[in-house]
Amino acid sequence: MKRDPRYDILFEPVKIGPVTAKNRFFQVPHCNGMGYLRPNSLAEMRGIKAEGGWSVVCTEEVYIHSSSECDPMVEGRLWDDGDIPALAKMTEAVHKHGSLAGIELQHGGFCSTNHYSRIPPISPSAISNDDYVPLQARAMNKSDIREYRKWHRKAALRAKQAGFDLIYVYAAHAGTLLTHFLSRRFNKRTDEYGGSLENRVRLFREVIEDTKDAVGDTCAVAVRFAVDEFLGPQGITAENEGREIVEMLAELPDLWDVNISDWSRDSATSRFESEGYQESYISFVKSVTSKPVVGVGRYTSPDTMVSLIERGIMDMIGAARPSIADPFLPKKIEQGRADEIRECIGCNICVTGDELSVPIRCTQNPTMGEEWRRGWHPERIAARKSDDGVLVVGGGPSGLECALALGQRGYRVILAETLAELGGRVSRESRLPGLSEWGRVRDYRVHMLEKLEEVSIYRGNPLNAEEIFEFSAADQFGYSHVILATGANWRRDGMGRMHREPIPGLEKIPLFTPDDIMDGAVLKGKVVIYDDDHYYMGGVLAEKLRQEGHEVLLVTPAADISTWTHHTLEQKNIQKNLLELGVELAPQTDLAAVHSGMVELACVFTDKRTERACDSLILVTERIPNDELFTALEEDPTRLTDAGIKTLSCIGDCLAPGTIAAAVYSGHLAARELESEPQEEVPFLRERIQL
Ligand code: ADP
Ligand code: SF4
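Cut-offs applied
- Residues numbered from 1 in each chain as written.
- Chains lettered and ligands numbered in written order.
- Predicted model: local features only at pLDDT ≥ 70, side-chain atom pairs only at ≥ 80, totals over all residues.
- Heavy atoms only, no water.
- Patch = residues over 30% accessible without salt bridge, like charges linked within 9 Å, V, L, I, M, F, W, Y side chains within 5 Å.
- Areas by Shrake-Rupley, 256 points an atom, 1.4 Å probe, with all protein chains shown as cover.
- Salt bridge = Lys/Arg side-chain N within 4 Å of Asp/Glu carboxyl O.
- Lys, Arg positive; Asp, Glu negative; His and termini not counted.
- Charge placed at Lys NZ, Arg CZ, Asp CG, Glu CD.
- Buried < 20%, exposed > 50% of the residue type's maximum accessible area, 1.4 Å probe, protein only.
- Phe/Tyr/Trp six-rings, centres within 6.5 Å; stacked < 30°, edge-to-face > 60°.
- Helix = DSSP H or I, 4+ residues; strand = E, 2+ residues; numbered from the N terminus.
- Lys NZ or Arg CZ within 6 Å of the ring centre and 35° of its normal.
- Core = buried A, V, L, I, M, F, W, Y, C linked by side-chain atoms within 4.5 Å.
- Contact = heavy atoms within 4.5 Å.
- Near = heavy atom within 4 Å.
- Polar contact = N/O pair within 3.5 Å; in protein donor to acceptor, adjacent residues only side chain to side chain.
- Nonpolar A, V, L, I, M, F, W, Y, C, P; charged D, E, K, R; others polar.
- Domains from an automatic or database assignment.
- Buried area = accessible area lost by both parts, 1.4 Å probe.
- Axes fitted to C-alpha atoms, helices over the stretch in contact; angles between N-to-C directions.
- Parallel < 35°, antiparallel > 145°, perpendicular 65-115°, else oblique.
- Left-handed = near helix turned anticlockwise from the far one by under 90°.
- Pairing = 2+ DSSP bridges.

Remarks on a negative patch on the surface
- On the surface, a cluster of negative charge is contributed by Glu 634, Glu 635, Asp 636 and Asp 642.
- According to the relative accessible area criterion, Asp 642 is exposed, its value standing at 64%.

Brief notes about the packing of aromatic side chains
- Under the defined criterion, the tally for this structure stands at 11 aromatic pairs.
- With centroids separated by 5.4 Å and ring planes inclined at 50 degrees, the aromatic side chains of Phe 11 and Phe 25 adopt a geometry described as tilted. Of the two residues, Phe 11 is situated in the segment before strand S1 (14-16) and Phe 25 in strand S3 (residues 25-27); the sequence distance between them amounts to 14 residues. By the burial criterion, Phe 11 is buried, and Phe 25 matches it.
- Seen in terms of ring centroids, Phe 204 and Phe 225 are 6.1 Å apart; in terms of plane orientation they differ by 40 degrees. Their pairing is tilted. Remark: Phe 225 occurs in strand S10 (residues 220-228) and Phe 204 occurs in helix H5 (residues 197-215); sequence separation between them is 21 residues.
- Aromatic rings pair up to connect Trp 438, Tyr 535, Tyr 536 and Trp 564 into one cluster.
- Note that Arg 373 overlies the ring of Phe 684, its terminal NZ or CZ placed 4.3 Å from the centroid.

What to know about the nonpolar core
- Within the largest apolar cluster, 77 residues are counted, with the highest numbers of intra-cluster contacts made by Leu 10, Phe 204, Phe 225 and Val 227.
- A total of eight residues in this core trace back to one element, the largest contributor, which is H5.
- Excluding residues within four positions of it along the chain, Val 227 makes contact with Ile 236, Thr 237, Ala 238, Gly 242, Val 246, Val 258, Asn 259, Ile 260, Tyr 281, Ile 282, Phe 284 and Val 285.
- Core analysis: the next-biggest nonpolar cluster, separate from the first, contains 34 residues, Leu 432, Val 527, Val 552 and Val 620 among them.

Concerning the site of ligand 1
- Contacts to ligand 1 come from 23 residues, most closely from Ser 398, Glu 417, Arg 425, Leu 463 and Asp 653.
- Within the side chain of Glu 417, a nitrogen or oxygen atom sits 2.6 Å from an oxygen atom of ligand 1.
- Between ligand 1 and Thr 418, the relevant distance is 3.0 Å, taken from a nitrogen atom to a side-chain nitrogen or oxygen of the residue.
- Relative to its unbound accessible surface of 580 Å², ligand 1 loses 87% to contact with the protein.
- A class-by-class count of the residues in the shell around ligand 1 yields 10 nonpolar, 10 polar and three charged.

A closer look at the domain arrangement of the chain
- Under the domain assignment, the chain is made up of domain 1 (5-356), domain 2 (389-487 + 626-673) and domain 3 (490-624).
- Domain 1 puts 17 residues into the contact, and the matching count from domain 2 is 13 residues.
- Contact between domain 1 and domain 2 buries roughly 1,100 Å² in total, counting both sides, with carbon and sulfur atoms accounting for 54%.
- Seen at the junction of domain 1 and domain 2, the total is four salt bridges.

Digging into the side chain of His 377
- Looking at where His 377 falls in the secondary structure, it is placed in the loop between helix H13 (349-355) and strand S14 (389-393).
- On the basis of relative accessibility, which here comes to 8%, the residue His 377 falls in the buried class.
- In this structure the side chain of His 377 is engaged in a polar contact, spanning 2.9 Å, whose partner is the backbone nitrogen of Glu 379.
- Apart from residues no more than four positions distant in its own chain, His 377 is found in contact with Ile 48, Glu 51, Phe 328, Thr 367 and Arg 672.

Focus on the packing of helix H1 (residues 39-51) against helix H2 (residues 84-95)
- Two elements in contact, H1 and H2, have axes whose closest approach is 8 Å; the angle formed by their N-to-C orientations is 20 degrees. Put simply, H1 runs roughly parallel to H2. Seen from above, H1 lies across H2 with right-handed handedness. On H2, the residues that touch Pro 39, Asn 40, Ala 43, Arg 46, Gly 47 and Ala 50 of H1 are Ala 86, Lys 89, Met 90, Ala 93 and Val 94.
- Partitioning the contact of H1 with H2 into residue classes produces seven nonpolar, two polar and two charged.

What about unusual backbone geometry?
- The step from Asp 71 to Pro 72 runs through a cis peptide bond, and the omega angle for that step is 10 degrees.
- Inspection of the secondary structure assignment puts Pro 72 in the loop between strand S4 (56-63) and strand S5 (76-77).
- Between Ser 261 and the following residue, Asp 262, the backbone shows a cis peptide bond with an omega angle of 0 degrees.
- Phi angles above zero are rare outside glycine, and Asp 607 is one such case at about 65 degrees.
- Counting through the fold element by element, Asp 607 comes out in the loop between strand S24 (598-603) and strand S25 (609-613).
- For Asp 607, a relative accessible area of 42% translates into the label partly exposed.

Points about the sheet that holds S24
- Taking strand neighbours across the sheet as the criterion, the three strands line up as S23-S24-S25 in an open arrangement whose pairing is antiparallel. The sheet is open, and its two edges are formed by strand S23 (589-595) and S25, each paired on a single side. On average, each strand axis in the sheet is tilted by 30 degrees relative to the strand beside it, whichever way the strands run.
- When S23 meets S24, the two strands line up antiparallel, connected through six bridges. Within S24, the residue paired with Ala 593 across the bridge is Glu 600.

Observations concerning the pattern of salt bridges
- Under the definition given, this model contains 60 salt bridges.
- Of the charged contacts in the structure, one is a salt bridge between Arg 374 and Glu 673, with a shortest N-O distance of 3.9 Å. Placement of Arg 374 in the loop between H13 and S14 and of Glu 673 in helix H23 (residues 660-673) is noted, with a sequence separation of 299 residues between them.
- Between Arg 623 and Asp 653 there is a salt bridge, with the nearest N and O atoms lying 3.4 Å from each other. One end of the pair, Arg 623, is in strand S27 (residues 623-625); the other, Asp 653, is in the loop between strand S28 (647-650) and H23, and 30 residues separate them in sequence. With respect to class, Arg 623 is no different from Asp 653; both count as buried.
- Connected through shared salt-bridge partners, Asp 326, Lys 332, Arg 337, Asp 339, Glu 340, Arg 342, Glu 379 and Lys 451 make up one network.

Description of the site of ligand 2
- Close to ligand 2 lie 13 residues, the nearest being Cys 344, Cys 347, Asn 348, Cys 350 and Cys 362.
- Of all the secondary-structure elements, those providing two or more residues to the shell around ligand 2 are helix H11 (321-325) and H13.
- With three residues, the single largest contributor to the shell around ligand 2 is H11.
- Per-class residue counts for the shell around ligand 2 are eight nonpolar, four polar and one charged.

See the structure below:
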């Protein structure tokens, strides 16, 4: 197919200093939990982005000196020449597809925890680490500043040697030494590097000049700068110092990559921000520089991208998450397949990989992070091994993904879903406050499934074991493999992490589960939500019911609300939002027992009891897999064989309830593995330490 001429502008080349990007798609730096520990995984993942059409593909932050690291988080490392070969793997993978490789050079200043190196961190002034770490940085003296400039220069030269075409000077997010110098909050110096804005900018300017001098003849020198820190007059704001800094340095770098700070603002989730949320902050930049400008904002719509270019907001469309959800986004637009873009849903499951120091994963793109270790490619999948048919039962995220990947392999697939609506939990949850974009998990798959003749979808079609046995041999259906994706339901007995036995007294009170609420249950009076799940559900239900006018008390044994959302960068926003809505919060509290019209709460440390009035109780604890169908089918192996059913398996939440990302991954894995060779002991490659 040919691309829509309206999108031609997106495929114009852009000159960036001494190099030229072949189009306007720019994969900005993003973390991935691979970093210096997993260079093969990293190179393969970045190479696929280049193959998918991103004209610039960047690293994550790459630490330039042993005085700055954040172990156990796994970022890039360029401390000495020994780190060059690992990074060169990535530049080779990117160059293979005619794209430019960019590197984000980083020194974390006082945000460096240096747990590994044990070197005291450095900072413009002697201040404490931000993360409740018992650690203070020492103030840099003049020779430290000179040393730091040398490290940066050396790192730039090594980056050039590793094959990078674009070298970043990084002053964005909260944790960079250059940002600390810029900020009057952290920079209390009284010499020429502190005080006036001109003085605070001095080191930033010097480092840009040093980098240009060192590598600027052949490499583009980019700046990543956060124009607003959301700290009001205490920090950099787009209207004041943010703008002044860009004005002061306007023509110095070869490219401006501008965003907002901190990372939770920059990578805001769809629960809090929609596509294009950074535009109003960065839109001034192009008016003060003639250099190309890159911006981000979870852009997935080609029309929006065109509009950004035409309105003069930016020259290149920056993307981290949209490139993770769909590494082939540019190619799909180029080939007239824009409808096939797997749009990012803004859930930040990708961020959890970095936060937990494990390879990146993505709700929408199950191949993300698996490119090297499992050999998965987002656009290619092995052809079917036989003419066997496959029955997939359940059209939630795991069933839809499994049917899609099997269909793409060329298998004949029958997908049966009880409800008239496809999507399972994704359809239900996307109707909760702030989660509408999650519906894209369903929409993308349903749209792609409609294109596959091999897949027949039967909605409003609950299947029982008898029917599955019976239909297996039917002419028009016929299947030899049954994959159950029947999901899970929330428990009604309060069992979970805190209670390994049912909570006493639940029969005495009107009781609801998240499923009931999503099914439209009508609640009366004072609502108590007990959250022993700790991801989004408890907080989202509190938000919904409060918005509907209920008095809501949210009880959780954890130290804060929706505590796992620290890993998705949402926790602070969630708790702030609930407090502002007037939800009463009771963290570090257990639901000990239930009585008529009240709940008995217990301090998780002292077990001190208090009673609170309650008219409706919602339990958000655990889910029970819907595996009855599996049990019924498995009970009779002879009947399975007689029915010609060779394999029977469970995927997604009916195997083990988890995130939507885990369900999609499980469905994809089952499709890849159907009729495959028996697994090795470890089902994926590992990056072993060479001894
Ligand atoms: P997952 O996250 O694993 O995909 P979901 O709970 O989102 O699980 O989806 C499970 C889907 O399976 C639901 O849409 C449900 O209606 C459907 N389902 C459950 N049991 C059956 C069945 N026996 N026949 C057909 N569909 C079923
Ligand atoms: Fe987007 Fe979620 Fe994938 Fe991250 S994990 S890229 S936020 S869909």
